[in-house]
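Residue-level listing of the chains:
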Amino acid sequence: MKLIVPLQGVVQGRGGLLLGSLIPCALFYFLQLYLKRRRSGSNPHSPSSTSSPTLPRTSSRSNLSTRGSISRVRVSKLATLISKPDESLYYLGLERVSQDPYDASINPNGIIQLGLSDNKLCLDLIEKWVSRNLEGLVMGSGGAASLSINGIAPYQTFHGLDELKMALSDFMHQVMGGSVKFDPSNMVLTSGATPAIEILSFCLADHGNAFLVPTPYYPGFDRDVRWRPGVDLIPVHCRSTDNFNLNITALQQAFSQARKRGVKVRGILISNPSNPVGNILTQDMLYSLLDFAEEKNIHIIADEVFAGSTYGSETFVSIAEILDSEYIDKSRVHIIYGLSKDLSLAGFRVGLIYSFNQSVLSAAKKLSRFSSISAPTQRLVTAMLSDKRFIQEYIVTNQKRIRQVHDEFVDCLSKLGIKCSKSSAGMFCWADMSGLIRPYSEKGELDLWERFMSVAKINITPGSACHCIEPGWFRICFTTITFEDIPLVIERIRKVVESCKSPR
């Protein structure tokens, strides 16, 4: 318009209309011709000048390299929370072992792992079975459990193969003393017990709700329940005077205090046998828990992953065993199980949810798409569990070896002046080292833990990581070593005991 309007004054008069139209068009044509020649002449040898034209760079893209980013790109609140350095001594210990692991040949001065309940006592039996059967399974001789390509390559159901569910129900029946049968249709399989607990947390509680959990408890519960489901854990403190056994009075107090704070309690999370103490809930206590749960209208989650790893005089009773009465509401009871402990297959990642609640089962099946077990693992484990002779031999041998190592280890600790809580199951002993800590506080416990790590080069789990209210208790896992390794471990512990008794 700035070009055309002044010209209108020049072309006023005869023919003004025609000239007023032609002159602007001519100017626009010559302008386009000039710009075209200038572009083509600027880089006559460039291949791009004869091929496709280049898109002009926008001002926002050109400014990006000069001005830099305005601020650091953000991540979610959950990622920010999880990415923070670990504060739990349980995970800090595992990390330090990974940086300096003990090996009798390669690194004899490394840190010995006694902070992880990993059962290595019967890996020789697992290895022999795999050596005998793997080739045949790959060649397709295992029937439905074979490892043929047609059996493992296609998609599988996320919540587990029916063949494995049936094999697991038989194994659980056998490992729990044959007193209770498990219906495969009530199972949802997951890649380990950890996602099973997380899925149940999603199903039973909303973000900001809570579960009651007796202390001391397995440190991993804090991550399993809190991280993604956003469910809080309310400690129900148990005392050494009662061998850390649960009592209903403590449950009632914790429930009432939570209600006063406006927290909705949705369930009770128990480990039976207990981790880290190793004691077993009696049948009477299980009935009392059911009564309490019905009175408060809440759920019970029973983690029974150590059910077959027994060695003491107490008899394990699954909570499923006492649900036969028609007066009990089965829909509020949910069981966690897996093969990491009782069958030494921690790396296989095989766990399950067992529930009588159809809504929970339906939701858990859908959520299991995020934690499904690989098809080769399912086929291999199905074949192993279906070998009844092997399973019977394994159960008997495993319990025998756990008992031998436990008894020897606890006896050696006793000679050093370290007493352990009475236990009947699990892969650990709950040791009282309160006499070695100065001062008698959580700080003193932390100092003693550091001595074990740096002086004895042994990783054990302090009670504070298990939310134990009494300082000085430690969980020591003895199934990560062999019977022959016990003297070496005891000698390293002796160094710390003697250093604590000597004047500082």
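Figured I'd write up the structure that's included with this text. Everything quoted here is computed from the prediction, not taken from an experiment.

**Comments concerning the overall build of the chain**
Turning to step 1, where the next piece is worked out: Scanning the chain for helices and strands turns up 18 helices and 13 strands.
Turning to step 2, where the next piece is worked out: The buried share of the chain, taken over its 504 residues, is 46%.
Turning to step 3, where the next piece is worked out: For the chain, restricting intrachain contacts to residue pairs at least 6 apart in sequence, the fraction spanning at least 24 positions comes to 75%.
Turning to step 4, where the next piece is worked out: Accessible area of the chain: about 26,200 Å², with a carbon and sulfur share of 54%.

**A closer look at the sheet that holds strand 5 (residues 265-271)**
Turning to step 1, where the next piece is worked out: Read across the sheet, seven strands follow the order 2-8-7-6-5-3-4 without closing on themselves; strand pairing throughout is mixed. Taken across any chain shown, the strands that pair with only one partner, and hence form the sheet edges, are strand 2 (187-190) and strand 4 (232-236). Direction aside, the axes of adjacent strands within the sheet are offset by 25 degrees on average.
Turning to step 2, where the next piece is worked out: Note that strand 7 (residues 333-338) and strand 8 (residues 351-355) share five bridges and pair antiparallel. Across the sheet, Gly338 pairs through a bridge with Gly351, a residue of strand 8.
Turning to step 3, where the next piece is worked out: Sheet strands in contact with helix 10 (residues 193-204) are strand 2, strand 3 (210-214), strand 5, strand 6 (299-303), strand 7 and strand 8, and its direction is about 160 degrees off that of strand 7.
Turning to step 4, where the next piece is worked out: Sheet strands touched by helix 14 (residues 358-367): strand 2, strand 7 and strand 8. Its angle to strand 2, the strand with the most contacts, is close to 25 degrees.

**Considering helix 16 (residues 388-415)**
Turning to step 1, where the next piece is worked out: Relative to the 40 Å expected for 28 residues at 1.5 Å per residue, helix 16 spans 41 Å between its end C-alpha atoms, a close match to the ideal helical length.
Turning to step 2, where the next piece is worked out: Following helix 16 by one or two positions, Gly417 has its phi on the positive side, about 90 degrees.

**What to know about the nonpolar core**
Turning to step 1, where the next piece is worked out: Among the nonpolar cores identified, the biggest contains 76 residues, and Leu289, Leu339, Leu343 and Leu385 are the most heavily contacted of them.
Turning to step 2, where the next piece is worked out: Sequence-distant contacts of Leu385, that is, excluding residues within four places in its chain, are made with Leu164, Ala167, Leu168, Phe171, Leu339, Leu343 and Ile391.
Turning to step 3, where the next piece is worked out: Core analysis: the next-biggest nonpolar cluster, separate from the first, contains 37 residues, Phe409, Leu413, Ile458 and Val489 among them.

**Observations concerning the packing of aromatic side chains**
Ring pairs (aromatic) are described by centroid distance and by the angle formed between their planes.
Turning to step 1, where the next piece is worked out: Summed over all chains, the structure comprises 15 aromatic pairs.
Turning to step 2, where the next piece is worked out: Ring geometry for Trp430 versus Trp473: centroids 5.9 Å apart, planes at 15 degrees, classification stacked. Residue Trp430 is located in strand 10 (residues 428-432), and its partner Trp473 is located in strand 13 (residues 473-477); the two are separated by 43 residues in the primary sequence.
Turning to step 3, where the next piece is worked out: Look at Phe452 and Phe474: their rings are 6.2 Å apart centre to centre, the planes differ by 55 degrees, and that puts the pair in the tilted class. A residue pair is termed long-range when its members are at least 10 positions apart, and Phe452 in helix 17 (residues 442-456) and Phe474 in strand 13 qualify at 22 residues. For the pair Phe452 and Phe474, a shared accessibility class is recorded, and that class is buried.
Turning to step 4, where the next piece is worked out: Within the aromatic cluster, the residues linked to one another by ring pairs are Tyr90, Tyr91, Tyr217, Tyr218 and Phe221.

**Notes on the sheet that holds strand 10**
Turning to step 1, where the next piece is worked out: A sheet is described by the order of its strands in space; here four strands give the open sequence 9-10-13-12, paired in antiparallel fashion. Both outer strands of the open sheet, strand 9 (419-420) and strand 12 (461-462), are each paired with one neighbouring strand and no more.

**What about the pattern of salt bridges?**
Turning to step 1, where the next piece is worked out: According to the stated counting rule, one finds 13 salt bridges in the structure shown.
Turning to step 2, where the next piece is worked out: Arg223 is the partner of Asp86 in a salt bridge, and the nearest nitrogen-oxygen pair spans 2.4 Å. With a gap of 137 residues between them, Asp86 in the loop between helix 5 (77-82) and helix 6 (89-99) and Arg223 in helix 11 (residues 221-226) connect regions that are remote in the sequence.
Turning to step 3, where the next piece is worked out: When the shortest N-O distance is used, the salt bridge between Lys388 and Asp170 registers 3.5 Å. One end of the pair, Lys388, is in helix 16; the other, Asp170, is in helix 9 (residues 162-175), with 218 residues separating them in the sequence.
Turning to step 4, where the next piece is worked out: Among the residues examined, Lys388 registers a relative accessible area of 43% and is labelled partly exposed.

**Overview of the packing of helix 6 against helix 17**
Turning to step 1, where the next piece is worked out: Between helix 6 and helix 17, the shortest axis-to-axis distance is 12 Å and the interhelical angle comes to 15 degrees. The orientation of helix 6 relative to helix 17 falls into the category roughly parallel. Relative to helix 17, helix 6 is oriented so that their crossing is right-handed. Seen from helix 6, the contacting residues are Leu89, Leu92, Gly93 and Arg96; seen from helix 17, they are Leu446, Trp449, Glu450 and Met453.
Turning to step 2, where the next piece is worked out: Of the residues belonging to the contact of helix 6 with helix 17, the class tally is five nonpolar, one polar and two charged.

Rules behind the numbers
- Residues numbered from 1 in each chain as written.
- Predicted model: local features only at pLDDT ≥ 70, side-chain atom pairs only at ≥ 80, totals over all residues.
- Heavy atoms only, no water.
- Helix = DSSP H or I, 4+ residues; strand = E, 2+ residues; numbered from the N terminus.
- Buried < 20%, exposed > 50% of the residue type's maximum accessible area, 1.4 Å probe, protein only.
- Contact = heavy atoms within 4.5 Å.
- Areas by Shrake-Rupley, 256 points an atom, 1.4 Å probe, with all protein chains shown as cover.
- Pairing = 2+ DSSP bridges.
- Axes fitted to C-alpha atoms, helices over the stretch in contact; angles between N-to-C directions.
- Expected span 1.5 Å × (residues − 1).
- Core = buried A, V, L, I, M, F, W, Y, C linked by side-chain atoms within 4.5 Å.
- Phe/Tyr/Trp six-rings, centres within 6.5 Å; stacked < 30°, edge-to-face > 60°.
- Salt bridge = Lys/Arg side-chain N within 4 Å of Asp/Glu carboxyl O.
- Parallel < 35°, antiparallel > 145°, perpendicular 65-115°, else oblique.
- Left-handed = near helix turned anticlockwise from the far one by under 90°.
- Nonpolar A, V, L, I, M, F, W, Y, C, P; charged D, E, K, R; others polar.

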